[in-house]
Amino acid sequence: MVPQAQFHPRKYLLALADDITAQGGLIYERVRVTGLSEGSPCKVTTEGGVTITAEDVIVATHFPVFDRALHFARLSPRRELVVAAPIAVGRAPKHMCVTDDMGKRSVRTAPLDGGRRLLVVTGESFTPGAGDSHQRFLRLDRWMHDHFPVGETAYRWAAQDNDVSDGVPLVGLFHPGARHVYVATGFGGWGMSGGAMAGQLLAALVTGAQPEWAGLYDPRRLWSTLREAPALLKQQVEVVRHFVGDRAKTTHVDSVAEIAPGSGAVVRIEGRHCAVYREEDGTAHAVSARCTHLGCLVSFNEAETAWECPCHGSRFGIDGKVLHGPALRPLSPRKV
Ligand code: FES
């Protein structure tokens, strides 16, 4: 195990938010941005029809929206599972650690109550849409119980990260033609430390400074090098494999009746691929199975009750609503 430092992310973020407001900044949450045009000034439009003008805009939406630079082709989505269980304070590990097999498991603890802490174990990473995560959750849970004297598993959830093909985050001007629009993405699971770095770098760039190390993270760096070509090629081959191969997949079913209650599958109905989920009482919810990003077919994640696209990691609810980009539009409803 490799030791790491640990701090409380919520306290850290609340202090940052306080600092922004104390210096006259405004924070708006739950406002969906639907348009961006770069100019002097830049204009950002919201779902509610409001237009905001700004000298500079930073797109820091995890997977970047308005991806005119086609960054999605250089970002590989990775989903990772998390399980948590109570552990006695005296038996809890003192450090936050990752296993030395390139971090296949990471372990930390969080405050719980008087004599206990919550042991949090992360691992079993996979590409979204690459099948169900039930077995992966079971494996991770077993590993936690095999290695630590924990109580019953109290929580389980999943997180999603984006890895850049050369392993270095993209932080700086969005694309070669950009002058006032910046991006920060591709932290590969290291967003707390990478985010602090990105904040410092972007603050410097927006105020006209050019730190010596800016070139390392510059999103435009990859256009002029072949270094990442093999990784990019491999990724695009995977996308093509899904785009073509998934249409003929044997796991697709031929009728809604074949889908067990509480489960979902892609069904061919009148020649069209529909993503159908059946509730426990048998009620069916059907949406188009074609991802609204670039048209790959979604597949069902039963453990998380969601549709996932294996090409670039978009995720949708059973009603088709976007849960995670790069897709921006929902899956359209279908009648079954
Ligand atoms: S996320 Fe790109 S095609 Fe689905």
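Residues numbered from 1 in each chain as written. Predicted model: local features only at pLDDT ≥ 70, side-chain atom pairs only at ≥ 80, totals over all residues. Heavy atoms only, no water.

The name an unreviewed UniProt entry assigns to the chain is Rieske domain-containing protein, from the organism Streptomyces microflavus.

Visitor: Now, about the state of the cysteines: what can you tell me, with residues and values included?
Guide: Overall, the coordinates contain one disulfide when judged by the stated rule. Each disulfide pairs two cysteine sulfurs, and for cysteine 296 the partner residue is cysteine 311, the sulfurs being separated by 2.0 Å. Its S-S torsion of approximately -85 degrees makes the covalent link between cysteine 296 and cysteine 311 left-handed. With cysteine 296 in the loop between β15 (284-288) and β16 (299-301) and cysteine 311 in the loop between β17 (306-308) and β18 (315-316), this pair connects stretches of sequence that are 15 residues apart. Looking at cysteine 296, the relative accessible area reads 3%, which means it is buried. According to the relative accessible area criterion, cysteine 311 is buried, its value standing at 7%. (Disulfide = S-S within 2.5 Å. Helix = DSSP H or I, 4+ residues; strand = E, 2+ residues; numbered from the N terminus. Buried < 20%, exposed > 50% of the residue type's maximum accessible area, 1.4 Å probe, protein only.)

Visitor: Requested: an account of the packing of aromatic side chains, with residues and values cited.
Guide: For the structure shown, the criterion picks out five aromatic pairs. Ring plane angle 90 degrees and centroid distance 6.1 Å describe the contact between tryptophan 213 and tyrosine 217, whose orientation is recorded as edge-to-face. Looking at tryptophan 213, the relative accessible area reads 35%, which means it is partly exposed. Aromatic ring contacts, followed pair by pair, group Tyr277, Phe300 and Trp307 into a single cluster. (Phe/Tyr/Trp six-rings, centres within 6.5 Å; stacked < 30°, edge-to-face > 60°.)

Visitor: Lay out the pairing of strand β14 (residues 272-278) with the relevant residues and their values.
Guide: Regular strands have side chains that alternate between both faces of the sheet. For β14, a buried count of six out of seven residues is recorded, marking the element as mostly surrounded by other parts of the structure. By the bridge criterion, seven bridges tie strand β13 (residues 263-269) to β14 in an arrangement that is antiparallel. Opposite glycine 264, over in β14, you have tyrosine 277 as the bridge partner. Connecting β13 to the antiparallel partner β14 that follows it, the hairpin turn spans two residues, and glutamate 270 within it adopts a positive phi of roughly 50 degrees. Pairing geometry for β14 and β15, over five bridges, is antiparallel. By the bridge assignment, arginine 278 is partnered in β15 with alanine 284. Adjacent in sequence and paired antiparallel, β14 and β15 are bridged by five residues, among which glycine 282 carries a positive phi angle near 95 degrees. (Pairing = 2+ DSSP bridges.)

Visitor: A description of the side chain of glutamate 124 should follow, citing residues and the corresponding values.
Guide: For glutamate 124, the position within the fold is in strand β9 (residues 116-126). Note on glutamate 124: relative accessible area 13%, which makes it buried. Within the structure, the side chain of glutamate 124 is placed 3.0 Å from the side chain of arginine 105, a separation counted as a polar contact. Once residues lying within four places of it in the same chain are set aside, the contact partners of glutamate 124 are Arg79, Leu81, Lys104, Arg105, Arg136, Arg139 and Leu140. (Polar contact = N/O pair within 3.5 Å; in protein donor to acceptor, adjacent residues only side chain to side chain. Contact = heavy atoms within 4.5 Å.)

Visitor: Can you tell me about the sheet that holds β15, naming the residues and giving the values?
Guide: Pairing is antiparallel in the open sheet, where three strands are placed in the order β13-β14-β15. Two strands bound the open sheet, and with one partner strand each, they are β13 and β15. For this sheet, the mean inter-axis angle between neighbouring strands, taken without regard to orientation, is 30 degrees. (Axes fitted to C-alpha atoms, helices over the stretch in contact; angles between N-to-C directions.)

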